[in-house]
Amino acid sequence: CGTAVGGGATLRPAMACVVDELLSSLHTYSAKHGGGASASTTPCPNGAGPAAAAGDDDWRFQLVRSVGEECQTEPELRSLLQRKAEFNLYDGFEPSGRMHIAQGLFKALNVNKCTKAGGIFIFWVADWFGLMNDKMGGDLDKIKAVGQYFVEVWKASGMDLSRVRFRWSSDDIINHAEAYWAQALDIARRSTLARVKKCCQIMGRQEDKLSAAQIMYPIMQSTDIFFLQADICQLGVDQRKVNMLARDYCDAAGIKNKPIILSHHMLLGLIEGQAKMSKSNPDSAIFMEDSPEDVERKIRKAYCPKVAAATKSSEADEMQLVKDDLMNPCLDYVQHILFSRPNYSFKVGSTLYATHEDVKAAFLGGEISEDALKDRLIEEINLLLDPVRKHFSEDATAKDLLAKITQWKKENLVAPTTLKRLQVKPPFSKDLFVVFAPLPREAVQVEEVLGVLGRLKEAPKGSEKVLWLEDWTALALGCVGAQKPCIKGFYDLLLFGLRGLGPELMKDVRVCWQGEMILSGPSEYWISVINAGRIANLDDIRKALPPGESLEHASEVFATLMHIGDVLTLTEATKLTLCCDGAHENVHKLALKQCEAYPEVTGLEVKLVESPKLRLLEPGDGVEADVNVMLTDKEIDVNKKVKKSFCMPENIEFNPPIAWVEVFLGFKGEFLVSRKPDNGGDKIYTDVASITADFKSGVLHPGDLKPALSKAMNAFLEPLREGLKGKDLAKAQKDLEAFSKAQSKKK
């Protein structure tokens with residue numbers, strides 16, 4: 001095969017040759033590069049196909065392991081290769097900029113090693129994320145063209161594409177939105193905010209300066225791993241923390257086979273102090289389309305010390321699993337680009353250096369001058385890039401792509417600044433009155449049903465009334481164990497109660513299930529959510545939580561931003577009223593604050609209407625299930641709860657039975673207390689003031705009020721009880737009861 005690629009030969013055959021040679025000399029290679037190879041390395045048998053049988057000789061492990069500066073964990077990697085002849089690896093990239101030499105040549109060699117050992121390498125082309133980030137003027141077709149340009153670069157770089165799969169996120173996330181986002185919400189639910197903040201380095205930000213969107217990104221990247229069913233995450237050291245988040249999630253979710261993390265080395269930037277290359281600074285790296293003159297200029301200017309700097313950045317510590325105090329990018333290129341090929345020798349004058357350690361020692365000792373080192377590096381890098389240059393000058397498809405992208409860069413494309421939000425069909429009316437339903441719990445309280453009805457009654461005449469059911473938010477927050485049947489069951493029971501107790505009112509209410517709305521336009525919805533996260537910081541999220549709640553989990557960030565996305569969906573109305581109780585007041589106000597940034601959004605207001613306070617004991621006393629009247633309570637349950645309710649003689653400061661009487665007066669217009677003649681006889685009350693006065697004076701005793709209340713309450717609920725026996729509602733009750741019992745056993 002020869003010892004180096006060059007002389008005008010195409011790179012693809014040479015790259016295949018490189019991998020075959022690597023198998024026979026892998027132990028030496030791994031020892032040099034920290035790959036962890038052992039002395040028992042066995043070369044691949046002649047003629048072995050790209051996917052050798054599971055359990056084959058140790059060469060497969062050594063070959064894959066040589067790719068990473070670190071492997072989490074080696075025993076898991078060995079086990080994977082024993083179990084599977086074919087396995088999935090993944091890496092992702094956003095097609096938004098230029099490809100540097102690490103992404104091109106270094107990645108091509110690593111991919112070929114992995115596929116030779118039986119891997120299917122999946123590239124997650126994050127074109128949807130490019131759209132979300134307004135790259136290429138927010139034009140998805142242009143972003144896809146850049147992605148295809150990357151593919152052409154790899155093709156010319158010698159990557160064996162026969163076992164490479166390119167998955168386009170715009171297609172997968174939109175076509176499989178329910179599966180993708182359900183996974184994301186589950187990861188968010190099981191991940192503490194403190195844990196996710198540790199991944200901040202992938203965004204290049206320090207933890208105390210994170211926006212809310214920057215909490216979403218690590219969750220989404222972890223989601224990619226499970227969505228793509230990756231056995232191995234083969235990304236750079238800079239992505240290590242977020243990949244480890246995926247492994248932590250497996251612990252929390254009880255997933256046995258964790259994704260293996262194989263983190264490759266990060267090439268140093270060419271400028272002093274750069275722990276990795278920067279696309280924003282074109283002089284910090286060699287790019288795959290650089291001309292020979294570009295390569296020479298950059299290498300000539302490159303930082304090339306013989307003595308380590310006195311201080312090193314915190315980023316350098318993060319990026320280096322194998323410590324390198326010298327941080328000489330020229331020597332880094334020699335080691336990780338040139339000597340990544342087996343049997344390579346570095347020639348200066350008439351002297352051949354067989355290892356990168358020899359080159360480094362000769363340079364530090366003065367045997368190789370800086371100019372001589374750079375001369376040879378310039379020559380070798382240009383030889384490696386020549387096939388790419390040739391491909392883009394001779395291949396019609398590649399040439400056309402490069403011409404288009406070059407022109408687009410000259411145009412300085414800017415994405416339109418219009419508001420991105422979900423477009424609902426059929427559209428809402430221009431005058432909209434919206435109530436967000438309570439989040440699911442183990443049973444539907446009558447108090448909640450009455451609260452929703454009370455808020456809906458506040459709608460002005462002529463407005464469209466909407467009831468919004470936050471089923472996906474409930475998943476994120478882990479309501480009723482994040483069990484979909486329980487979430488749906490709760491809302492089905494709530495709707496049944498609303499329609500049973502307020503049939504005429506509910507005829508004119510448009511019920512919107514959040515999940516259904518999202519799936520009608522997932523791309524637009526989630527872009528609006530992430531845009532909201534860019535504006536909001538974590539303190540904004542904390543202030544938007546319901547009173548008494550603290551910001552502990554990433555799911556609370558998701559839920560708050562999803563709420564803003566929900567409200568933005570509703571803002572096509574020219575007049576929008578959000579009617580709520582205290583649970584939604586703070587988050588509604590945050591949503592309205594964000595809407596103020598968009599001139600096209602007008603006529604928004606928040607209207608606070610609290611639910612009646614119908615808890616039968618004082619706050620903090622009793623178990624919730626025993627001190628609240630549930631929609632599904634039977635007659636015996638009601639009688640028992642009312643009998644135990646707080647109702648001290650002549651005490652009207654806190655008197656739940658009188659609060660309930662006020663509710664019944666609103667529905668029936670009257671309340672009957674049946675008494676013996678000796679106790680004053682029967683009396684019908686038509687206003688709460690009268691019954692309150694009688695109770696305060698002692699004319700009405702708790703012993704008479706409570707039985708009257710039990711009778712009225714059962715009469716109120718009786719029309720609903722037959723309907724609750726229906727198949728679907730019976731199942732809903734059964735699911736919620738089973739969850740409640742399971743929770744009780746855990747306590």
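As shown above, the structure is provided for reference.
A quick note: this is a predicted structure, and the numbers were derived from the prediction, not measured.

(A) Looking closely at the overall build of the protein. Broken down by element type, the protein carries 33 helices and 15 strands. Looking at the protein residue by residue over its 747 residues, the buried ones come to 55%. As presented, the protein carries roughly 31400 Å² of accessible surface, and 51% of it is formed by carbon and sulfur atoms.

(B) Representation of the sheet that holds strand S12 (residues 575–580). Taken together, 5 strands build an open sheet; the order of strands is S11-S10-S9-S12-S13 and the sheet is parallel. Among the strands making up the open sheet, the edge pair consists of strand S11 (509–513) and strand S13 (604–608). Strand-to-strand twist of the sheet, defined as the mean angle between neighbouring strand axes without regard to direction, takes the value 25°. Of the strand pairs in this sheet, strand S10 (residues 464–469) and S11 are connected by 5 bridges, and their pairing is parallel. Paired with Trp468 across the strands is Cys512, a residue of S11. Packing of helix H21 (residues 484–501) onto the sheet brings it into contact with S10 and S11, and relative to S11 it is tilted by some 175°. Of the strands in this sheet, strand S9 (431–436), S12 and S13 touch helix H27 (residues 582–595), which is tilted by about 170° from S13.

(C) View of the packing of aromatic side chains. In this structure the tally under the stated criterion is 26 aromatic pairs. Where Tyr180 meets Phe227, the ring centres are 5.4 Å apart and the plane angle is 80°; that geometry is what we call edge-to-face. Here Tyr180 is found in helix H9 (residues 177–189), whereas its partner Phe227 is found in helix H11 (residues 213–227), with 47 residues between them in sequence. Members of the aromatic cluster, connected to one another through ring pairs, are Phe93, Phe121, Phe123, Tyr149, Phe150, Trp154, Phe166 and Phe392. Above the plane of the ring of Phe61 lies Arg78, whose end atom (NZ or CZ) is 3.7 Å from the centre. A cation over a ring is seen here: Lys306 above Phe363, with NZ or CZ 5.1 Å from the ring centre.

(D) Focus on the packing of H11 against helix H24 (residues 522–535). Axis separation between H11 and H24 bottoms out at 7 Å; the angle between their running directions is 130°. Viewed along their axes, H11 and H24 adopt a mutual orientation that is oblique. Mapping the contact onto sequence places Ala213, Met216, Tyr217 and Met220 in H11 and Trp526, Val529, Ile530, Gly533 and Arg534 in H24. Here the contact of H11 with H24 is composed, by residue class, of 7 nonpolar, 1 polar and 1 charged.

(E) Broad picture of unusual backbone geometry. For the bond running from Gln72 to Thr73, omega is -5°, close enough to zero to count as cis. Cis geometry is found at the peptide bond from Lys425 to Pro426, where omega equals -10°. Along the chain, the position of Pro426 falls in the loop between helix H18 (396–411) and S9. With a phi angle near 55°, Ala482 is a residue other than glycine that sits in the positive phi range. Relative to the assigned elements, Ala482 resides in the loop between helix H20 (471–477) and H21.

(F) Geometry of helix H12 (residues 240–253). For H12, spanning 14 residues, the distance from its first C-alpha to its last is 20 Å, which sits close to the expected 20 Å at 1.5 Å a residue. All of the buried residues along H12 are Val242, Asn243, Met244, Leu245, Ala246, Arg247, Tyr249 and Cys250. Two residues or fewer past H12, Gly254 is found with a positive phi of approximately 75°.

(G) Expanded view of the nonpolar core. The biggest cluster of nonpolar side chains holds 230 residues, and the ones touching the most others in it are Trp128, Trp181 and Trp526. Look past the residues within four positions of Trp181 in its chain and what remains in contact with it is Trp128, Ile173, Met220, Trp472, Trp526 and Phe558.

(H) Just the sheet that holds strand S6 (residues 260–263), in detail. Reading across from one edge, S1-S6-S5-S2-S3-S4 is the order of the 6 strands in this open sheet, with mixed pairing throughout. Bordering the open sheet on either side are strand S1 (70–72) and strand S4 (164–168), each of which pairs with just one other strand. Contacts from H12 reach S1, strand S5 (232–233) and S6, with the element oriented near 170° to S6.

(I) The pairing of S12, seen in detail. Taken across its 6 residues, S12 has 5 buried, putting it largely inside the fold. Here S12 runs beside S13; their pairing, made up of 5 bridges, is parallel. Along S13, the bridge assignment pairs Leu578 with Val606.

(J) Fine view of the pattern of salt bridges. This structure, assessed with the given rule, holds 43 salt bridges. A salt bridge links Arg240 to Glu70; the shortest N-O distance between them is 2.4 Å. You can see Arg240 sitting in helix H12 and its partner Glu70 sitting in strand S1, a full 170 residues away along the chain. According to the relative accessible area criterion, Glu70 is buried, its value standing at 16%. A salt bridge links Asp581 to Arg455, with the nearest nitrogen and oxygen atoms 3.9 Å apart.

(K) Main features of empty space enclosed by the protein. Summed over the entire model, instances satisfying the criterion amount to 2 cavities of 30 Å³ or more. Of the voids in this model, the second largest cavity is the one considered here, and its volume is about 30 Å³. Taken together, Leu268, Gly269, Ile271, Glu272, Gly273, Gln274, Tyr303, Met327 and Pro329 make up the lining of the second largest cavity. Looking at the lining of the second largest cavity, its residues break down into 5 nonpolar, 3 polar and 1 charged.

(L) Molecular detail of the environment of Ile535. For Ile535, the position within the fold is in helix H24. Sequence separation between Ile535 and Ala212 is 323 residues; the distance between their C-alpha atoms is 7.8 Å.

(M) Geometry of helix H16 (residues 356–364). Within the sequence span of H16, burial applies to His356, Val359, Ala362 and Phe363. Down the axis of H16, the buried set is contained in an arc of 125°. They therefore lie on one face.

(N) View of the packing of helix H19 (residues 446–456) against H21. One can describe the packing of H19 onto H21 by two numbers: an axis separation of 10 Å at closest approach and a directional angle of 60°. Comparing the axis directions of H19 and H21 gives the class oblique. Here H19 runs over H21; the crossing is right-handed. Across the interface between the two elements, Glu448, Val449, Leu450, Val452 and Leu453 from H19 touch Phe490, Leu494, Gly497, Leu498 and Leu501 from H21.

(O) Summary view of the environment of Cys486. Looking at the element boundaries, Cys486 is found in helix H21. Taking the C-alpha atoms as reference, Cys486 lies 5.5 Å from Leu736; in sequence the two are 250 residues apart. Apart from the residues lying within four places of it in its own chain, the contact partners of Cys486 are Val480, Asp735, Leu736 and Phe739.

How each quantity is defined
- Residues numbered from 1 in each chain as written.
- Predicted model: local features only at pLDDT ≥ 70, side-chain atom pairs only at ≥ 80, totals over all residues.
- Heavy atoms only, no water.
- Helix = DSSP H or I, 4+ residues; strand = E, 2+ residues; numbered from the N terminus.
- Buried < 20%, exposed > 50% of the residue type's maximum accessible area, 1.4 Å probe, protein only.
- Areas by Shrake-Rupley, 256 points an atom, 1.4 Å probe, with all protein chains shown as cover.
- Pairing = 2+ DSSP bridges.
- Axes fitted to C-alpha atoms, helices over the stretch in contact; angles between N-to-C directions.
- Contact = heavy atoms within 4.5 Å.
- Phe/Tyr/Trp six-rings, centres within 6.5 Å; stacked < 30°, edge-to-face > 60°.
- Lys NZ or Arg CZ within 6 Å of the ring centre and 35° of its normal.
- Parallel < 35°, antiparallel > 145°, perpendicular 65-115°, else oblique.
- Nonpolar A, V, L, I, M, F, W, Y, C, P; charged D, E, K, R; others polar.
- Expected span 1.5 Å × (residues − 1).
- Core = buried A, V, L, I, M, F, W, Y, C linked by side-chain atoms within 4.5 Å.
- Salt bridge = Lys/Arg side-chain N within 4 Å of Asp/Glu carboxyl O.
- 1 Å grid on protein atoms, 1.4 Å probe; cavity = no way out; pocket = protein on both sides within 12 Å on 5 of 7 lines; lining within 4 Å.
- Points joined across faces, edges and corners; volume = space filled by probe spheres on them.
- Arc of directions from axis to C-beta.
- Left-handed = near helix turned anticlockwise from the far one by under 90°.

Purely geometric stuff here, so don't read any function into it on its own.
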